[in-house]
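Coordinate analysis (summary)
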There are 2 protein chains.
Amino acid sequence: MTATAADQPGTRSQRARAHALGVASRLFYENGVRAVGMEQIVDASGIAKTTIYRHFPTKDALIEAFLEKEDREFWSQWDAVVAPAASPIARIDALCDWIGDRVRRDNYRGCPQLNVAAEFADAGHPARRVARRHKDEMHRRLSDLCRQAGVDDATIVAMQIALLFDGAFASDGRLKPFDAGALLRSAVHRLLQPPA
Amino acid sequence: MTATAADQPGTRSQRARAHALGVASRLFYENGVRAVGMEQIVDASGIAKTTIYRHFPTKDALIEAFLEKEDREFWSQWDAVVAPAASPIARIDALCDWIGDRVRRDNYRGCPQLNVAAEFADAGHPARRVARRHKDEMHRRLSDLCRQAGVDDATIVAMQIALLFDGAFASDGRLKPFDAGALLRSAVHRLLQPPA
DNA sequence: TGACAACGATACCGATCGGTGTCATTTCGT
DNA sequence: ACGAAATGACACCGATCGGTATCGTTGTCA
C-alpha cells in the first residue's frame, strides 16, 4: 500500500489544503512560481480549482504559504542537524556539511526564498516579506553561534557566513566538482579566526 | 539638449536594435524577465513589435542578449575597477568596495545572471548558459587574482570568494546597515590567509 | 437518517501572453 | 533622384493567465 492522499491526519478539508499546498510547492520550486499556472496545480494535485481558491484567496497567498512551509521545514532540518553536535564549532561544521550535500543534489534548484525574491520586484510583496524574515532569522541564528564560539564581532562575522551560505545556495551546480562541505567548512573556519 | 535616440552611432537599424535592447534590459532587470511582456517593451521604447522581432527571433533570444549585454558591461566595469590598483590584494580590495557600493544602491535588484537563472528551470536554456559562462569567468578571474596573491589552493579559495560575492549580490538590501565594502574586504582577507 | 459543509467538475470571464501578417512610410546608399 | 531595405502602425492569432459562478456529489457529525 503506497500512502496516497487518503488516511492522512486531519479533516478532509485539512487534507485537501495540505495536499494542494504540497503539490504546488513542488511545482513552484521545480519550475519557478511564475512559470506554474493554477491550472497546472489543479491537474497535478487532483484538487479542484474551486477548493484551492477556498483555502488560498489568491495565487500570491499560495506562494506565500509555499515559502512559509519551506521556512518551517528548513529550520526543522537545521535544528536536527545542529542537535547532535557538542560544540558551537561542531554545530557550524555540521551545517556546512548539510548545506554542502543539499547544494550538490541533482534536482537542487537553489534557495526557494531567494528564487521567489528574484521573481518579484516589489519588496513589499507578502512572499518577499517571508523571504526577508527567513534571511533575518538565518543571520540571528548564525550570530548566536558566533557568539557561542567566542567571536568578538559576531554580527559582522555572522553576516559574512550568511553571504557564503547564500552564495552556495545560488551556486547552481558549480560546487559539484568540489567537496562542497569541506570548502564551506574551511571558509567558515577562516572567517571565525581573529584577523592576523 | 538631452541625448535621445537620435544621433547615436551606427545605422538606423543598429540604433533601433540597441535602443530596444537597452529599454528591454532596464525593464527586465527592474521587474524580472517573466514579468515583462513584449508589448510593454514596445510601449516603453517606441520601437515597433515587428522591428523588435526582426532583430530578436524570440523573447528568449532577447533575454539572452540582455544577459550578454550585462555580462559585457560587468567585466568592463570590473576591468576599470581593477586597473588602477597596484597589487593583487589591492585589486581584490577594490573589487570588494565596488561590489559593496553596488549592492547597497537603492534600486539594486541583485545579479541579473542569478535572477534569470532563478526564473528558468531548464539549465539548457540559452540565457542559463550565458549565466553559467558568466559565473565561470568570475571564478577564472578570481583564481588568477588568488594565484597572483600567492595563494596555494587558488581554485578553492577563488570559489569561496565567488560564493561570498554571489551572496552579496543576493543580499537584497540586508547589507545596508553594514559597511559592505569593509565587510567583504575583511572576509576576503581572512579567506586569503593560510589556515592557522 | 438527515442536514450542513466541503468537496469535485465544468463552463466561463476579461486580460494578457508571445508571435505573425499586412501595408504604408521613412531612411539610406548609389 | 531612385530603388532597396528597414522602419512604424495596427489588426489579429490561438493559448494561457488568474479568478469566479454554478451545481451536483460526497463526507461528516449529531
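How each quantity is defined
Residues numbered from 1 in each chain as written. Chains lettered and ligands numbered in written order. Predicted model: local features only at pLDDT ≥ 70, side-chain atom pairs only at ≥ 80, totals over all residues. Heavy atoms only, no water. Near = heavy atom within 4 Å. Polar contact = N/O pair within 3.5 Å; in protein donor to acceptor, adjacent residues only side chain to side chain. Domains from an automatic or database assignment. Contact = heavy atoms within 4.5 Å. Buried area = accessible area lost by both parts, 1.4 Å probe. Salt bridge = Lys/Arg side-chain N within 4 Å of Asp/Glu carboxyl O. Helix = DSSP H or I, 4+ residues; strand = E, 2+ residues; numbered from the N terminus. Nonpolar A, V, L, I, M, F, W, Y, C, P; charged D, E, K, R; others polar. Phe/Tyr/Trp six-rings, centres within 6.5 Å; stacked < 30°, edge-to-face > 60°. Buried < 20%, exposed > 50% of the residue type's maximum accessible area, 1.4 Å probe, protein only. Axes fitted to C-alpha atoms, helices over the stretch in contact; angles between N-to-C directions. Parallel < 35°, antiparallel > 145°, perpendicular 65-115°, else oblique.

**Regarding the protein's contact with DNA strand C**
- Close contacts around DNA strand C come from 20 residues, with Thr50(A), Thr51(A), His55(A), Lys49(B) and Lys59(B) the closest.
- Among all atoms of DNA strand C positioned within 4 Å of the protein, those belonging to sugar or phosphate total 60%.
- The side chain of Thr51(A) places a nitrogen or oxygen atom 2.5 Å from a phosphate oxygen of DNA strand C.
- In the environment of DNA strand C, a base oxygen lies 3.5 Å from a nitrogen or oxygen atom belonging to the side chain of Thr50(B).

**Side note on the domain arrangement of chain A**
All names here are of chain A.
- Domain parsing of chain A yields domain 1 (9–56) and domain 2 (62–192).
- Computed from C-alpha atoms alone, the centre-to-centre distance between domain 1 and domain 2 is 27 Å.
- The interface is formed by 15 residues belonging to domain 1 together with 13 residues belonging to domain 2.
- In total, domain 1 and domain 2 occlude about 1,300 Å² of area from one another, counting both sides; carbon and sulfur atoms represent 69% of this.
- When the buried area of domain 1 at its contact with domain 2 is split by residue, Tyr29, Val33 and Arg34 rank highest and sum to 49% of it.
- For the pair domain 1 and domain 2, the number of links is zero salt bridges.

**Quick word on the interface of chain A and chain B**
- Of the residues lining the interface, 42 residues belong to chain A; the matching set on chain B comes to 42 residues.
- A combined buried area of about 3,800 Å² lies between chain A and chain B, and 58% of that area is made up of carbon and sulfur atoms.
- Considering only the surface of chain A that becomes buried against chain B, Leu163(A), Arg174(A) and Arg190(A) emerge as the three largest contributors, covering 22% of it.
- Residue Arg174(B) pairs with Asp166(A) through a salt bridge whose shortest N-O separation is 2.9 Å.
- The interface formed by chain A and chain B contains 17 residue pairs in polar contact (both at pLDDT 80 or more).
- Listing elements by their share of the side of chain A that touches chain B, those giving two or more residues are helix H1 (12–31), helix H6 (112–119), helix H7 (126–148), helix H8 (154–169) and helix H9 (180–192) of chain A.
- The leading source of residues in the side of chain A that touches chain B is H8(A), at nine residues.
- A class-by-class count of the residues in the side of chain A that touches chain B yields 21 nonpolar, nine polar and twelve charged.

**Details of the packing of aromatic side chains**
- Counting across every chain of the model gives 14 aromatic pairs over all chains.
- Here Phe74(A) and Phe169(A) contribute two aromatic rings whose centre-to-centre distance is 6.3 Å and whose plane-to-plane angle is 80 degrees, an arrangement assigned as edge-to-face. In this pair, Phe74(A) is assigned in helix H4 (residues 59–82) and Phe169(A) in helix H8, connecting sequence segments 95 residues apart. Each member of the pair, Phe74(A) as well as Phe169(A), is classed as buried.
- Between Phe74(B) and Trp75(B) the ring centres are 4.9 Å apart and the planes differ by 85 degrees, which places this aromatic pair in the edge-to-face class. Taken as a pair, Phe74(B) and Trp75(B) share a single burial class, namely buried.

**Considerations on the protein's contact with DNA strand D**
- For DNA strand D, the set of nearby residues contains 20 residues, the closest of which are Lys49(A), Lys59(A), Thr50(B), Thr51(B) and Arg54(B).
- In DNA strand D, atoms within 4 Å of the protein come 58% from sugar and phosphate.
- The contact in question runs from a base nitrogen of DNA strand D to an N or O atom on the side chain of Thr50(A), over 3.5 Å.
- Between DNA strand D and the protein, one listed contact pairs a phosphate oxygen with a side-chain N or O atom of Lys59(A) at 2.5 Å.
- Every element with two or more residues in the surface near DNA strand D is listed here: H1 and helix H3 (49–55) of chain A together with helix H1 (12–31) and helix H3 (49–55) of chain B.
- Counting residues per element, the surface near DNA strand D draws most heavily on H3(B), which supplies four residues.

**As for the packing of H9(A) against helix H8 (residues 154–169) of chain B**
- Here H9(A) crosses H8(B) at 75 degrees, and the two axes come no closer than 10 Å. Overall, the two elements H9(A) and H8(B) adopt an arrangement that is roughly perpendicular. Of H8(B), the residues touching H9(A) (which contributes Leu183(A), Leu184(A), Ser186(A), Ala187(A) and Arg190(A)) are Ile156(B), Met159(B), Gln160(B) and Leu163(B).
- When its residues are assigned to classes, the contact of H9(A) with H8(B) shows six nonpolar, two polar and one charged.

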